[in-house]
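# Results of the structural survey
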Amino acid sequence: MKESRPTLQDIEALTAFLPRLYAEGFSPVVNWDGGERRKDGSFTLPYPTYDTVVEEFYRLVSSGGWLDYEYNPEQAYQMLRDENLIKTASLSQIKTMLTFCVRGERFSDGHWAAMIEKGYIRRLLERLNEIKSEQMK
């Protein structure tokens, strides 16, 4: 698959979520459902109902040329945890880290919220703001 490079408009669309995802009092999860015992004795696992802003953000990441189809999840997570790396990350590296942020929900309910709450998404969006400023010079 041919790798696409996000445009300035793609970057602006994504960074517009920064004040929305990190607004005072914002919670990415509206409520947790499941986690209950059914009549047949089985249990359902808890799962989050996300705020629409969170769903919009991750939908945009999934569709706007932001995914790295050859990413290594372990490597992407190590990159994401390195705040100094994020401060100088290239668009390609940001795509790798965003891919980890998006795809993790498939394997761990609540992953999207954790990526926001732990500040990973904030740091990536702040770095994208810097890249946007550099491109506009």
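Look above for the structure.
Residues numbered from 1 in each chain as written. Predicted model: local features only at pLDDT ≥ 70, side-chain atom pairs only at ≥ 80, totals over all residues. Heavy atoms only, no water.

### Some remarks on helix α3 (residues 52-63)
- Helix length check: α3, at 12 residues, gives a terminal C-alpha distance of 16 Å against a target of 16 Å (1.5 Å per residue), a fit within 8%.
- When we look at burial in α3, the residues that qualify are Val53, Val54, Phe57, Tyr58 and Val61. Projected down its long axis, α3 shows its buried positions confined to an angular sector of 125 degrees, all on one face. What points out from α3, more than 90 degrees from its buried face, is the exposed set Arg59 and Ser63.
- Taken together, the buried residues of α3 touch α1 (8-15), α2 (18-21), β2 (47-50), α6 (91-103), α7 (111-117) and α8 (120-135).
- Two or three places before Val53, at the start of α3, stands the capping residue Asp51, its side-chain oxygen 2.8 Å from that residue's backbone nitrogen. (Helix = DSSP H or I, 4+ residues; strand = E, 2+ residues; numbered from the N terminus. Expected span 1.5 Å × (residues − 1). Buried < 20%, exposed > 50% of the residue type's maximum accessible area, 1.4 Å probe, protein only. Arc of directions from axis to C-beta. Contact = heavy atoms within 4.5 Å. Polar contact = N/O pair within 3.5 Å; in protein donor to acceptor, adjacent residues only side chain to side chain.)

### Regarding the packing of aromatic side chains
- By the definition in use, this model includes five aromatic pairs.
- For the ring pair Tyr58 and Trp112, a centre distance of 4.4 Å and an interplane angle of 10 degrees mean the geometry is stacked. Of this pair, Tyr58 sits in helix α3 while Trp112 is found in helix α7, placing the two residues 54 residues apart along the sequence.
- Judged by relative accessible area, Tyr58 falls into the buried class, the value being 1%.
- For Trp112, a relative accessible area of 17% translates into the label buried. (Phe/Tyr/Trp six-rings, centres within 6.5 Å; stacked < 30°, edge-to-face > 60°.)

### Quick look at the environment of Ala23
- Tracing the chain through its elements places Ala23 in the loop between α2 and β1 (29-33).
- For the pair Ala23 and Phe107, spaced 84 residues apart in sequence, the C-alpha to C-alpha distance is 27 Å.

### Here's the deal with the pattern of salt bridges
- In total, this model carries three salt bridges according to the counting rule given.
- The salt bridge partner of Glu130 is Arg127, with a shortest N-O separation of 3.1 Å. Of the two residues, Glu130 and Arg127 are both situated in helix α8; the distance of three residues between them amounts to about one turn of the helix.
- One salt bridge connects Glu134 with Arg127, and the closest N-O pair in it is separated by 3.7 Å.
- By relative accessible area, which is 46% here, Glu134 ends up partly exposed.
- Overlapping salt bridges, with partners in common, bring together Arg127, Glu130 and Glu134 in one network. (Salt bridge = Lys/Arg side-chain N within 4 Å of Asp/Glu carboxyl O.)

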